[in-house]
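# Fold and contact review
Spelled out, the chains give:
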Amino acid sequence: MTEDREQIATDFHQAVNMTAGELESWLDTRDSKAVGDKSGRSESIGHESGRRIVGILRKGEDGLSDEDYAHMREVTGYVRRHLAQRPSGDVHDTPWRYSLMNWGHDPLK
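A brief look at the structure comes next. In this text the structure is predicted, and so the values were computed from the model without any measurement.

With that out of the way, let us pick up the overall build of the chain. Across its full length, the chain carries 6 helices and 0 strands. Each helix and strand of the chain, placed in order from N terminus to C terminus, yields the pattern α-α-α-α-α-α. For the chain, the C-alpha radius of gyration of 14 Å lies close to 13 Å, the compact-globule estimate for 109 residues. For the chain, the spread of C-alpha atoms along the principal axes amounts to about 40 × 30 × 25 Å.

Set out below in structure tokens:
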């Protein structure tokens, strides 16, 4: 990895503000499953990412693989890009918020 793993982990933990338990509970909801790009698949990309994030959060840094760090970097980039597209008004019950939550970030926290 060209980027320092410590920096990737720091950025990831700043972007992901939900615990593994919170994210896992969220992923079981109808709202979570209703948002995101499915591209002809049964599960959206964000929902699949959320499941991977739960695994990463539960592993601890000693158990992380290069693939985990690559996904952590992807998550950080997605959260940053998506936050920059915040819609105006109340975002509590919006697909924008739900998509971010699938990626482990609740903008209302």
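In this structure, Phe12, Leu23, Trp26, Ile53, Met72, Val75 and Val79 are the most contacted members of the largest nonpolar core, which totals 26 residues. Taken together, the elements giving at least two residues each to this core come down to α1 (5–15), α2 (20–27), α4 (45–59), α5 (66–83) and α6 (95–102). Ranked by residues supplied to this core, first place goes to α5 with 5 residues. Contact partners of phenylalanine 12, with chain neighbours within four places excluded, come to Ile53, Ile56, Leu57, Met72, Val75 and Thr76.

Once that is clear, we can look at the side chain of aspartate 106. Following the sequence through the fold, aspartate 106 ends up in the segment after α6. Within the structure, the side chain of aspartate 106 is placed 2.9 Å from the side chain of arginine 97, a separation counted as a polar contact. Once you skip the residues sitting within four places of it in the chain, aspartate 106 turns out to touch Asn17, Met18, Arg97 and Met101.

What follows deals with the packing of α1 against α5. Contact pair α1 / α5: the axes reach a minimum separation of 9 Å and the direction vectors enclose 45°. When the axis of α1 is compared with that of α5, the two are oblique. In this structure, α1 meets α5 at a crossing whose hand is left-handed. For the pair α1 and α5, contact is made by Arg5, Ile8, Ala9, Asp11, Phe12 and Ala15 and by Asp66, Tyr69, Met72, Arg73, Val75, Thr76, Val79 and Arg80, respectively. Here the residues of the contact of α1 with α5 sort into 8 nonpolar, 1 polar and 5 charged.

Turning next to the environment of aspartate 106. We classify aspartate 106 as buried; its relative accessible area is 10%. Spatially, the C-alpha atom of aspartate 106 lies 14 Å from that of valine 54, the residues being 52 residues apart in sequence.

What follows deals with the environment of isoleucine 45. Mapped onto the fold, isoleucine 45 is located in helix α4. Through-space distance from the C-alpha of isoleucine 45 to that of asparagine 102 is 9.1 Å; in sequence the pair is 57 residues apart. The residues contacting isoleucine 45, other than those within four sequence positions of it, are Asp37 and Trp103.

Topologically, histidine 82 is positioned in helix α5. If sequence neighbours within four positions are ignored, histidine 82 has contacts with Trp96, Ser99 and Leu100.

Criteria and thresholds
Residues numbered from 1 in each chain as written. Predicted model: local features only at pLDDT ≥ 70, side-chain atom pairs only at ≥ 80, totals over all residues. Heavy atoms only, no water. Helix = DSSP H or I, 4+ residues; strand = E, 2+ residues; numbered from the N terminus. Rg over C-alpha atoms; globule rule 2.2 N^0.38 Å. Core = buried A, V, L, I, M, F, W, Y, C linked by side-chain atoms within 4.5 Å. Buried < 20%, exposed > 50% of the residue type's maximum accessible area, 1.4 Å probe, protein only. Contact = heavy atoms within 4.5 Å. Polar contact = N/O pair within 3.5 Å; in protein donor to acceptor, adjacent residues only side chain to side chain. Axes fitted to C-alpha atoms, helices over the stretch in contact; angles between N-to-C directions. Parallel < 35°, antiparallel > 145°, perpendicular 65-115°, else oblique. Left-handed = near helix turned anticlockwise from the far one by under 90°. Nonpolar A, V, L, I, M, F, W, Y, C, P; charged D, E, K, R; others polar.

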